[in-house]
Amino acid sequence: MKSSDTILIPSEQPTLAVLDADIMAYHMAYYADTEGTDTLEEIVESAIESWTPPGCTKVVLAFSCSRGDNFRRRFWADYKAHRDTSFTPSCLGQAKRVLKEHGDVIELDNVEADDLMGIMTSMGSAVCVTTDKDLKQIPGWHSKPTKTADPNSYYSTLVAVAP
């Protein structure tokens, strides 16, 4: 590897947080399925606030394309096919709509939220906020929301992952 190929992690934490909106939507939808949708707006605002790491002043919500439209299915038809038959909360669509109404969104055709978060994090432009352990391999700033005693409240642990 040449020195020009080295990936540098910014020494200062980025002020942009990119939140895994797919996981957030699932958490909120499961809650709404059992507790009702009356508080969904409040839950969304609380979740975005508690998922946002200290020091971040801007937030973007990363959403995946539909599973069937994922570019990986062009190469491997069974990519995540086991999830096609798994349980989906009935309020998932509503949870996604409400989330999209409460923040700036990044969503691209054929691309998963993980890919978007990985690109932004490895470029040093954002803190990656997710509970998905697969993204730990991406160099950059990471924050893992951790549940508190309140099922809709989280606190974040911020770390920088070197390549």
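Residues numbered from 1 in each chain as written. Predicted model: local features only at pLDDT ≥ 70, side-chain atom pairs only at ≥ 80, totals over all residues. Heavy atoms only, no water.

Enquirer: Sorry if this is basic, but what is going on with the side chain of Ser-64 here?
Expert: Residue placement: Ser-64 occurs in the loop between strand E2 (58-62) and helix H3 (92-101). Classification of Ser-64 as buried rests on a relative accessible area of 17%. Within the structure, the side chain of Ser-64 is placed 2.4 Å from the side chain of Asp-22, a separation counted as a polar contact. Reaching out from Ser-64, the side chain makes a polar contact with the backbone nitrogen of Ala-113 at a distance of 2.7 Å. Filtering out sequence-adjacent residues up to four positions away, Ser-64 remains in contact with Asp-22, Glu-107, Val-111, Glu-112 and Ala-113. (Helix = DSSP H or I, 4+ residues; strand = E, 2+ residues; numbered from the N terminus. Buried < 20%, exposed > 50% of the residue type's maximum accessible area, 1.4 Å probe, protein only. Polar contact = N/O pair within 3.5 Å; in protein donor to acceptor, adjacent residues only side chain to side chain. Contact = heavy atoms within 4.5 Å.)

Enquirer: Honestly, the packing of helix H1 (residues 21-35) against H3 in this entry has me stumped. Any pointers?
Expert: Relative placement of two packed helices is described by the angle separating their axes and the distance separating the axes. Packing of H1 against H3 leaves a shortest axis separation of 8 Å and a crossing angle of 125 degrees. With respect to their mutual orientation, H1 and H3 come out oblique. Crossing geometry of H1 relative to H3 is assigned as right-handed. Residues Ala-21, Met-24, Ala-25, Tyr-26, Met-28 and Ala-29 of H1 form the contact with H3, whose own contacting residues are Leu-92, Ala-95, Lys-96 and Leu-99. Residues of the contact of H1 with H3, tallied by class, amount to nine nonpolar, no polar and one charged. (Axes fitted to C-alpha atoms, helices over the stretch in contact; angles between N-to-C directions. Parallel < 35°, antiparallel > 145°, perpendicular 65-115°, else oblique. Left-handed = near helix turned anticlockwise from the far one by under 90°. Nonpolar A, V, L, I, M, F, W, Y, C, P; charged D, E, K, R; others polar.)

Enquirer: How should I be thinking about the confidence of the model for the chain in this particular structure?
Expert: Looking at the chain as a whole, the pLDDT averages 78, with 69% of positions reaching at least 70. Highest mean pLDDT in the chain belongs to E2 (96); lowest belongs to strand E6 (residues 154-161) (52). (pLDDT = per-residue confidence, 0-100.)

Enquirer: What is the right way to read H1 from this model?
Expert: Because an α-helix packs 3.6 residues into every turn, residues spaced three or four apart end up facing the same way. Over its 15 residues, H1 extends 20 Å from the first C-alpha to the last, a length consistent with the 21 Å expected when each residue adds 1.5 Å. Burial in H1 covers these residues: Ala-21, Asp-22, Ile-23, Met-24, Ala-25, Met-28, Ala-29 and Ala-32. Along its buried surface, H1 packs onto strand E1 (16-20), helix H2 (40-51), E2, H3 and helix H4 (113-122). Capping the start of H1, Asp-20 holds a side-chain oxygen 3.3 Å from the backbone nitrogen of Asp-22, two or three residues further along. Gly-36 sits one or two residues past H1 and shows a positive phi near 100 degrees. (Expected span 1.5 Å × (residues − 1).)

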